[in-house]
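Spelled out, the chains give:
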Amino acid sequence: MNKKTAISAAIITIALILSQDALAIGISPGSATFDNMMRGGYGEQTLGLSNAGDNDLVIIANLDGQAKSWITIEPALVNATLPKRGTLLFKIKVMLPPSVSTGTYNATLQLSTLNLEDFTSGSSGAKVMPGLSVPIKIIVSGQELIDYEIQGFTVGDTEKDEPIKYAIIVNNKGNVQVTPNITIEVLNADKSRTFFTEEVPKTAILPSTKQTIEGSIDSEGMKIGRYWLRATAYLRDRTLPKKEIDFNIVAVGAISLSGEFTELIIPKTASPGDKVRVTAYLQNTCDKVLDAQSSCEVLSGGKIVDNLESKELRVEPGAVGELASYFTVPSGGGEYQFKCLINYQSKQTETREATLTASGVSSQGGASNILLYGVIGLVVIVILYLLYSRTRRR
């Protein structure tokens, strides 16, 4: 091995060591295109950043390019935590100025990563590692496009004389705001008779976005049995493709409500002033839609310092709901105990607990740094030995 080869191998080895966490980062989709946007228009797309590695990471985002002033990221990804073997969803939102010219505009979202333990401990060895670049393309058109579709449609079984609850996911495929015109029909098992016809609540939906519209129909007087729910959407003088789904009306008490609190995820460490995400997962184990909300007590020294609640979430039968709330670590630091449960309808799950420590030093992070520096030192020794051997032969 000559001197040049040895040095090149050493540099590559060190680069791989330093970037091993970043190599586990992925994003889907890998780019964002906003096609056929109107002047002064709005658009948004959801992307998922995934971490297949064994370390929690801090994400740092920066926007570059001619279109960056029109773009916002939600959440902002300013020191956002990407948990190990986890996913972080975020939205790219575009708001065009009314005076923009037609044409194609570009920007780039640069995502860098930092080991969370180094970041929270304030370690002098903390390093920003290579991340990802997400190309963003914005195509501005002067043509107005009005279009939408029913992308999803769900309804749960219901007990006799209870409301029939449904949810419709509408995708606005146009470049202007739209208010869908949709009707709902309840039909018998062979679809030969219509019991009710009602309008879906009017909801304005921004361009290139999806929204769930929820509603209910009174089932009073309907017999136990199988029925169909039909959704029909209209756009100007057109009737869009209909969507149908069956459901059952069952005896009172036949549907038991049950859900399982499967996991509670909280960062193990944080710094004073950090805003940490508290995520509770509910598995819907019954045949009825559950309206779920997480609730947490945060204690320090046995005293309650905060109460957290997530937004209410609709969890379909068999699905897992992700309920998120947020805790800002007080300036004094210390150890915080989280006692969390999930409420759904008139029931509660068991309580799960987790602990977060706000401190300046992480022993695990220190051990990782020692190992890292040891490997780098060994590589340097090998280089020096090779150079020394080559000099002696001369």
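Since the model is a prediction, treat every value here as computed from it, not as a measurement. (Residues numbered from 1 in each chain as written. Predicted model: local features only at pLDDT ≥ 70, side-chain atom pairs only at ≥ 80, totals over all residues. Heavy atoms only, no water.)

In this section: the packing of aromatic side chains. For the coordinates displayed, the defined rule picks out 5 aromatic pairs. A centroid spacing of 5.0 Å and a plane angle of 70° characterise the contact between Trp70 and Tyr105, whose relative ring orientation is edge-to-face. Residue Trp70 is located in the loop between β4 (57-64) and β5 (71-74), and its partner Tyr105 is located in strand β8 (residues 103-115); the two are separated by 35 residues in the primary sequence. An identical accessibility class is assigned to Trp70 and Tyr105; each is buried. With a centroid separation of 5.9 Å and 25° between ring planes, the pair formed by Tyr227 and Phe247 is classed as stacked. With Tyr227 in strand β16 (residues 225-235) and Phe247 in strand β18 (residues 243-250), the pair connects residues that are 20 residues apart, well separated along the chain. Exposure class is identical for Tyr227 and Phe247. Each is buried. Feature note: the residues Phe195, Tyr227 and Phe247 constitute an aromatic cluster, connected by ring pairs. If you follow Lys275 out to its NZ or CZ, it ends over the ring of Tyr326, 5.2 Å from the centre. Sitting above the plane of the Phe261 ring, Arg352 keeps its charged end 5.7 Å from the centroid. (Phe/Tyr/Trp six-rings, centres within 6.5 Å; stacked < 30°, edge-to-face > 60°. Helix = DSSP H or I, 4+ residues; strand = E, 2+ residues; numbered from the N terminus. Buried < 20%, exposed > 50% of the residue type's maximum accessible area, 1.4 Å probe, protein only. Lys NZ or Arg CZ within 6 Å of the ring centre and 35° of its normal.)

On the secondary structure map, Thr285 appears in the loop between β21 (275-284) and β22 (290-300). Thr285 sits 28 residues away from Leu257 along the chain, and the two C-alpha atoms are 8.0 Å apart. When neighbours within four sequence positions are excluded, Thr285 is seen to be in contact with Ser258, Gly259 and Glu260. Engagement of the side chain of Thr285 in a polar contact is seen with the side chain of Ser258, the distance being 2.8 Å. (Contact = heavy atoms within 4.5 Å. Polar contact = N/O pair within 3.5 Å; in protein donor to acceptor, adjacent residues only side chain to side chain.)

So, about the confidence of the model for the protein. Interpretation of the predicted coordinates at a detailed level should be avoided for regions scoring low in pLDDT. Looking at the protein as a whole, the pLDDT averages 84, with 82% of positions reaching at least 70. Predicted confidence is poor over residues 123-128, with pLDDT under 50, and the contacts of this stretch with residues over four places away or in other chains come to 14 contacts. For the stretch residues 361-371, pLDDT sits under 50, and the model shows 8 contacts to residues farther than four places along the chain or on other chains. (pLDDT = per-residue confidence, 0-100.)

Pairing within the open sheet is antiparallel, and its 4 strands lie in the order β1-β3-β7-β5. Since the sheet does not close on itself, it has two edges, and those belong to β1 (25-28) and β5, each with one partner. Looking at each pair of strands side by side, their axes are set apart by 25° on average, direction ignored. Here β1 pairs with strand β3 (residues 42-51) via 4 bridges, running antiparallel. Pairing of Gly26 across the sheet is with Ser50, part of β3. (Pairing = 2+ DSSP bridges. Axes fitted to C-alpha atoms, helices over the stretch in contact; angles between N-to-C directions.)

What follows concerns the side chain of Glu159. Positionally, Glu159 belongs in strand β11 (residues 158-159). A polar contact is formed between the side chain of Glu159 and the backbone nitrogen of Ile255, at a distance of 3.2 Å. The residues touching Glu159, leaving out its near neighbours within four places in the chain, are Ser219, Ile249, Val250, Ala251, Val252, Gly253, Ala254 and Ile255.

Time to look at the nonpolar core. The biggest cluster of nonpolar side chains holds 29 residues, and the ones touching the most others in it are Ile92, Ile136 and Ile138. Breaking this core down by element, the ones donating at least two residues are β2 (32-37), β3, β4, β5, β6 (78-82), β7 (86-95), β8 and β9 (128-140). With residues near it in sequence (within four places) discarded, Ile92 still touches Ala32, Phe34, Gly43, Glu44, Gln45, Leu47, Ile71, Thr72, Ile73, Leu109 and Ile136. Judged by nonpolar contacts, the second largest core, of 26 residues, contains Val278, Cys296, Val298 and Ile342. (Core = buried A, V, L, I, M, F, W, Y, C linked by side-chain atoms within 4.5 Å.)

Once that is clear, we can look at the environment of Cys296. Within the secondary structure, Cys296 is located in strand β22. The class for Cys296 is buried, based on a relative accessible area of 2%. C-alpha separation for the pair Cys296 and Glu309, spaced 13 residues apart in sequence, amounts to 6.5 Å. Excluding residues within four positions of it along the chain, Cys296 makes contact with Val278, Asp306, Asn307, Leu308, Lys339 and Cys340.

Following the criterion strictly, the structure yields 1 disulfide and no others. Residue pairing for Cys296: its cysteine sulfur links by disulfide to Cys340, the two sulfurs lying 2.2 Å apart. With the S-S dihedral at roughly 115°, the linkage between Cys296 and Cys340 falls on the right-handed side. Of this pair, Cys296 sits in strand β22 while Cys340 is found in strand β26 (residues 334-344), placing the two residues 44 residues apart along the sequence. Considered together, Cys296 and Cys340 belong to a single accessibility category, that of buried residues. (Disulfide = S-S within 2.5 Å.)

On to the pattern of salt bridges, then. Taken as a whole and assessed by the stated rule, the structure comprises 13 salt bridges. Asp246 is the salt-bridge partner of Arg226, the closest N and O atoms lying 3.2 Å from each other. Of the two residues, Arg226 is situated in strand β16 and Asp246 in strand β18; the sequence distance between them amounts to 20 residues. (Salt bridge = Lys/Arg side-chain N within 4 Å of Asp/Glu carboxyl O.)

The subject of this paragraph is the sheet that holds strand β25 (residues 320-328). In space, the 3 strands of this open sheet follow the order β19-β21-β25, with antiparallel pairing throughout. The strands lining the two open edges of the sheet, one partner per strand, are β19 (259-265) and β25. Adjacent strand axes in the sheet meet at a mean angle of 25° when their direction is disregarded. Note: β19 against β21, 6 bridges, orientation antiparallel. Its bridge partner being in β21, Gly259 is matched across the sheet by Asn284.

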